[in-house]
Amino acid sequence: MRLVSATIHGYKRFAEPSTLRVDGNITALVGPNEVGKTSILRALAHTNDTEPFAASELSRGADIDEGTPPVVLRFLLEAQDIEALSEIPGTAELRWYTLSKTVDGTTTFKLSPPVRRDVSGRVQLAKDLRRAAPHRALRELLDEPDSDFGRAAMITLAEALEAADQEDLPEELLESLEEWGTHLRGDLPENTPKYILALPDALSDRATSEREDRPTVAIGRVLQSRRPRFLLFGDAARSLENSYELSEIESPSTALLNLAGLAGLDLAELASALRDERRGEVHGLRDKANLRLREYFEEHWRQTGLAVELAVSGTDLELYVRETNGNYWQLDERSDGLRWFVARHGPKHEDNREQSGCGGGGVLE
């Protein structure tokens, strides 16, 4: 799915509803300091979880309460999303998924066009009950004295099904369906019509079907798992050093983790090999990482002839920029753009809230 717009209301500087259109590969937020660029990014990232908004985050004097959504995101569903929903009836024409997060942290969503439970099965069952009620084949089962399962009661059950316009039937009605299904399993004459013979199973199956999640709930579970998450791409995520002392790193920086992910390098495995002086393994890990980095830069870095390369000296992991002519540069001798490229294109780590992107595109401040 693709984020198309974000509406912010009552969050920091956005006391009044403001809608940002972000239907593009890159959306740039340009403006002077203190106008709310970072606030937009943080508002987007707020939808990653169900934590409530802090009082300090809400706009002063804004007319909002706990049920007001400071952030509303509108996503356009793509072909892959519809395919993921294909087993849920009524989703073929689904187009929009709108997510809201209220002040108290509650997230809700709407679908467009709306998808409702198919109630045709209720309608058909009600018709069959009305048709069966006067039939002589049910004389013994429906004419018992002092029974709760008389002909009038069967008509009442049919009327209840016909009148039910809500997506979820009340439990009392579901229990009645099951009880009727059990009662009608008695002995019936040989010439009983097929639709009457099918009633016990139809009643029980209808109760089972109605207890299943309505389509909206099932759709919500699928789309929640596919919804893009937002990562605030801050200094911690783009500040790469020239070297790192691996024996002293307990919690690698986000930028280093992103680079290691890009290189397919397990930092803990490398540190262990260094600590145990398994030099052959160290060289193998380094060479595999550098091969992946060269292949990646050849494909994705437009300024050809450059690649980030890793070296190991003692217990230090050193970062260089290598040119095809054999020249090496320390990383901080090259442009910020190159360092940010590495951090932007590596796997993003959500455990750092100071990292921003959204599936299929990015929002840059």
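Since the structure is predicted, the reported quantities are computational estimates derived from the model, not experimental observations.

A.B. asks: Help me understand the packing of helix α3 (residues 120-132) against helix α8 (residues 199-211), please; the structure alone is not making it clear to me.
C.D. replies: As a packed pair, α3 and α8 sit with axes 11 Å apart at the nearest point and diverge in direction by 150°. When the axes of α3 and α8 are compared, the pair comes out roughly antiparallel. Crossing of α3 against α8: the hand is left-handed. The segment α3 lies against α8, with Gly121, Arg122, Leu125, Asp128, Leu129 and Ala132 engaging Leu199, Ala202, Leu203, Arg206 and Glu210. Of the residues that constitute the contact of α3 with α8, the class distribution is six nonpolar, one polar and four charged.

A.B. asks: I'm lost on the packing of aromatic side chains in this one. Help?
C.D. replies: The way to describe two aromatic rings as a pair is by their centre distance and the angle between their planes. Applying the stated criterion across every chain yields a total of five aromatic pairs. When the ring of Phe75 is compared with that of Tyr97, the centres are 6.0 Å apart and the planes differ by 35°; the resulting orientation is tilted. One end of the pair, Phe75, is in strand β4 (residues 71-76); the other, Tyr97, is in strand β5 (residues 96-101), and 22 residues separate them in sequence. With relative accessibility at 0%, the residue Phe75 sits in the buried group. Using a relative accessible area of 1% as the deciding quantity, one classes Tyr97 as buried. Ring-pair connections join several aromatic residues into one group, and the members of that group are Phe75, Tyr97 and Phe109. Stacked on the ring of Trp96, the Lys or Arg Arg74 has its end atom at 3.8 Å from the ring centre.

A.B. asks: Teacher, can you tell me more about the sheet that holds β5 here?
C.D. replies: As a general point, the strands of a sheet are linked pairwise by backbone hydrogen bonds and lie either parallel or antiparallel. Pairing within the open sheet is antiparallel, and its five strands lie in the order β2-β1-β4-β5-β6. If you trace the sheet from one side to the other, it starts and ends with β2 (18-21) and β6 (107-112), each paired once. Adjacent strand axes in the sheet meet at a mean angle of 20° when their direction is disregarded. Sheet analysis places strand β1 (residues 2-8) next to β2, joined by four bridges and oriented antiparallel. Looking at β2, one finds that Ser5 is bridged to Arg21. The sheet strands contacting helix α1 (residues 37-45) are β1, β2 and β4, and the helix crosses β1 at an angle near 115°.

A.B. asks: Where do I start with the pattern of salt bridges in this structure?
C.D. replies: When the charged atoms of two side chains lie near each other, side chains of opposite charge can form a pair. In total, this model carries 19 salt bridges according to the counting rule given. A salt bridge links Glu210 to Arg122; the nearest nitrogen and oxygen atoms lie 2.7 Å apart. Taken together, the positions of Glu210 in helix α8 and Arg122 in helix α3 put the pair 88 residues apart, joining distant regions of the chain. Assessed through its relative accessible area of 3%, Glu210 is described here as buried. The class for Arg122 is buried, based on a relative accessible area of 1%. The salt bridge involving Arg206 is made with Glu210; its shortest N-O contact spans 3.1 Å.

So, how was this worked out
- Residues numbered from 1 in each chain as written.
- Predicted model: local features only at pLDDT ≥ 70, side-chain atom pairs only at ≥ 80, totals over all residues.
- Heavy atoms only, no water.
- Axes fitted to C-alpha atoms, helices over the stretch in contact; angles between N-to-C directions.
- Helix = DSSP H or I, 4+ residues; strand = E, 2+ residues; numbered from the N terminus.
- Parallel < 35°, antiparallel > 145°, perpendicular 65-115°, else oblique.
- Left-handed = near helix turned anticlockwise from the far one by under 90°.
- Contact = heavy atoms within 4.5 Å.
- Nonpolar A, V, L, I, M, F, W, Y, C, P; charged D, E, K, R; others polar.
- Phe/Tyr/Trp six-rings, centres within 6.5 Å; stacked < 30°, edge-to-face > 60°.
- Buried < 20%, exposed > 50% of the residue type's maximum accessible area, 1.4 Å probe, protein only.
- Lys NZ or Arg CZ within 6 Å of the ring centre and 35° of its normal.
- Pairing = 2+ DSSP bridges.
- Salt bridge = Lys/Arg side-chain N within 4 Å of Asp/Glu carboxyl O.

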